[in-house]
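Next come the chains, spelled out residue by residue.
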Amino acid sequence: MQDSFSRPAPPILGVSNRVSLIFMVTLAVALLLLGRAETYVFDQARQVVTDLAAPVLELGSRPVAAGRRLVERTDEFAYVFDENERLRQENAELLTWKEKALKLQARLARYEALLNVQLDPSINYVTGRVIGDTGGPFVETFIVNLGHEHGVESGQAVVDSEGLIGRIVSSGERASRILLLTDLNSRVPVTIEPTRQRAVLSGDNTVWPKLEFLPAGSGVVPGDHVVTSGHGGLMPPGLPVGTVIQTENGDLRVQTFSNRNRLDMVRVLQYRFPMDVPEQNPPAKLTAPVPGEEGEEGQPSAAGQNGSVGGPAGGAAVRGSLAGAGGAGQ
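Please read these numbers as outputs of a predicted model, since none were measured by experiment. (Residues numbered from 1 in each chain as written. Predicted model: local features only at pLDDT ≥ 70, side-chain atom pairs only at ≥ 80, totals over all residues. Heavy atoms only, no water.)

1. Quick look at the sheet that holds strand S12 (residues 265–270)
Stage number 1. One closed barrel holds the six strands; their spatial order is S1-S2-S5-S4-S3-S12, and the pairing between them is antiparallel. Looking at each pair of strands side by side, their axes are set apart by 45° on average, direction ignored.
Stage number 2. Pairing between strand S4 (residues 164–171) and strand S5 (residues 176–180): five bridges, direction antiparallel. When the bridges of S5 are listed, glycine 166 appears paired with leucine 180. (Pairing = 2+ DSSP bridges. Helix = DSSP H or I, 4+ residues; strand = E, 2+ residues; numbered from the N terminus. Axes fitted to C-alpha atoms, helices over the stretch in contact; angles between N-to-C directions.)

Okay, structure coming up:
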């Protein structure tokens, strides 16, 4: 049986293939020649075809453009999400630093206000922070984070940025207790200006301590300033305490400059009362000179030098006294 694929092609099919090839080649040559001769015809035809295809191309390009925009938006969303996370972290860090900066600013303001309190340059002090009230036998007390290792001792005065707030009543190694001026056990000698009247500022667990031992007719009126007098050697003189006020029943009390509700940074004054007073020998007993015991130059004899007057100073005093006595006798 003869295979169908091996049969020869019909003569008509071969002739048609040759004719088609010749026709296409002839048409291509004709179009080439015509295009060179009449280019504007082809340009116009190309423009017509472009105009007809423009709507179709526009419709086809819309899904492509939408897909491109979707991809771009997706990338932008991913970038924005990462950027938001980074900004959130940065914002949290900035808020932390802002909080620290505000605390430091407030602390600096308190330190500056504390330094505005004028003190005697000879008085040393240490600065600490009020850390709370733990309670105890006193009513109006606070705890400060200063102790023996900072040189704090009982009895030392404590001031804040406004003035005197109290004194140290007990101290440990790293903390001490402050007895406020308003406490029932507080007694501070004060001076009222400008009358210079002396009194004792006594606390009674109220907001305004009272003035005791103020003489009648002292001339103290509301508005006068109260400062420490320094009597007794407990506190240095001149520390600002408060202003004199008068209650409804006519009592004179003191509105302290310091506010216990705002106590934070304080200074403990390491003040010591000057106890070293130079000693002076009492004057020697003056006696009349013994005839013949005075030397040529008016110096007392050895017996006189060994008497009650000792040293060169005593001899000089005796000589001066003897000279005065001699002048009076003449």
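2. Topic: a nonpolar patch on the surface
Stage number 1. Taken together, the side chains of Leu21, Val25, Val29 and Leu33 make up a nonpolar region of the molecular surface, amounting to roughly 380 Å² of accessible area.
Stage number 2. Within the secondary structure, leucine 21 is located in helix H1 (residues 11–37).
Stage number 3. According to the relative accessible area criterion, leucine 21 is exposed, its value standing at 56%. (Patch = residues over 30% accessible without salt bridge, like charges linked within 9 Å, V, L, I, M, F, W, Y side chains within 5 Å. Areas by Shrake-Rupley, 256 points an atom, 1.4 Å probe, with all protein chains shown as cover. Salt bridge = Lys/Arg side-chain N within 4 Å of Asp/Glu carboxyl O. Buried < 20%, exposed > 50% of the residue type's maximum accessible area, 1.4 Å probe, protein only.)

3. Some points on the nonpolar core
Among soluble globular proteins, nonpolar side chains are generally buried collectively.
Stage number 1. Core analysis: the biggest nonpolar cluster contains 19 residues, and Leu164, Val190, Leu201, Leu211 and Val241 have the highest contact counts within it.
Stage number 2. Counting only elements with at least two residues in this core, the list comes to strand S3 (157–159), strand S6 (187–193), strand S7 (197–202) and strand S10 (240–246).
Stage number 3. Among the elements that make up this core, the one with the highest residue count is S6 (three residues).
Stage number 4. In this view, valine 190 contacts Gln197, Arg198, Ala199, Val200, Leu201, Leu211, Val226, Val227, Thr228, Ser229 and Val241; residues no more than four positions away in its chain are not counted.
Stage number 5. Membership of the second largest hydrophobic core comes to 14 residues, among which are Phe142, Leu146, Ile168 and Leu180. (Core = buried A, V, L, I, M, F, W, Y, C linked by side-chain atoms within 4.5 Å. Contact = heavy atoms within 4.5 Å.)

4. Quick notes on the packing of aromatic side chains
Stage number 1. Here the structure, examined in full by the defined rule, presents zero aromatic pairs.
Stage number 2. Geometry around tryptophan 97 places lysine 100 over its ring, the cationic atom sitting 4.9 Å from the centre.
Stage number 3. Directly above the aromatic system of tyrosine 125 lies the positively charged group of arginine 267, at a separation of 4.4 Å from the ring centroid. (Phe/Tyr/Trp six-rings, centres within 6.5 Å; stacked < 30°, edge-to-face > 60°. Lys NZ or Arg CZ within 6 Å of the ring centre and 35° of its normal.)

5. Things to note about unusual backbone geometry
Stage number 1. In the segment running from glutamate 193 into proline 194, the intervening peptide bond is cis, with an omega of 10°.
Stage number 2. Tracing the chain through its elements places proline 194 in the loop between S6 and S7.
Stage number 3. One non-glycine residue, arginine 196, adopts positive backbone phi at about 65°.
Stage number 4. With respect to the helices and strands, arginine 196 occurs in the loop between S6 and S7.
Stage number 5. On the basis of relative accessible area, arginine 196 is assigned to the exposed category, the value being 52%.

6. Here we look at the pattern of salt bridges
Stage number 1. In the structure shown here, the tally under the stated rule is nine salt bridges.
Stage number 2. As a salt-bridge pair, glutamate 90 and arginine 86 come within 3.2 Å of each other at their nearest N and O atoms. Of this pair, glutamate 90 and arginine 86 both sit in helix H2 (residues 39–115), four residues apart, which is roughly one turn of that helix.
Stage number 3. Owing to a relative accessible area of 34%, glutamate 90 belongs among the partly exposed residues under this scheme.
Stage number 4. The class of arginine 86 is partly exposed, set by a relative accessible area of 41%.
Stage number 5. Here aspartate 264 ties to arginine 129 by a salt bridge, and the two come within 2.8 Å at their closest N and O atoms. With aspartate 264 in the loop between strand S11 (252–256) and S12 and arginine 129 in strand S1 (residues 124–132), this residue pair connects regions lying 135 residues apart in the sequence.

7. Section: the pairing of S4
Stage number 1. Pairing between S3 and S4: three bridges, direction antiparallel. When the bridges of S4 are listed, valine 158 appears paired with glycine 166.
Stage number 2. Counted along the chain from S3 to the antiparallel partner S4, the turn is four residues long.
Stage number 3. Two successive antiparallel strands, S4 and S5, enclose a turn made up of four residues.

8. Overview of the confidence of the model for the protein
Detailed reading of the predicted model is not advised wherever pLDDT is low.
Stage number 1. Summary statistics for the protein give a mean pLDDT of 76 and a share of 71% for residues scoring 70 or more.
Stage number 2. Within the protein, S11 carries the highest mean pLDDT (94), whereas helix H4 (residues 311–329) carries the lowest (41).
Stage number 3. Note on residues 1–5: pLDDT is under 50 here. Beyond four places in sequence and across chains, it has zero contacts.
Stage number 4. Under a pLDDT of 50 for its full length, residues 295–330 has, in the predicted model, 17 contacts with residues more than four places off or in other chains. (pLDDT = per-residue confidence, 0-100.)

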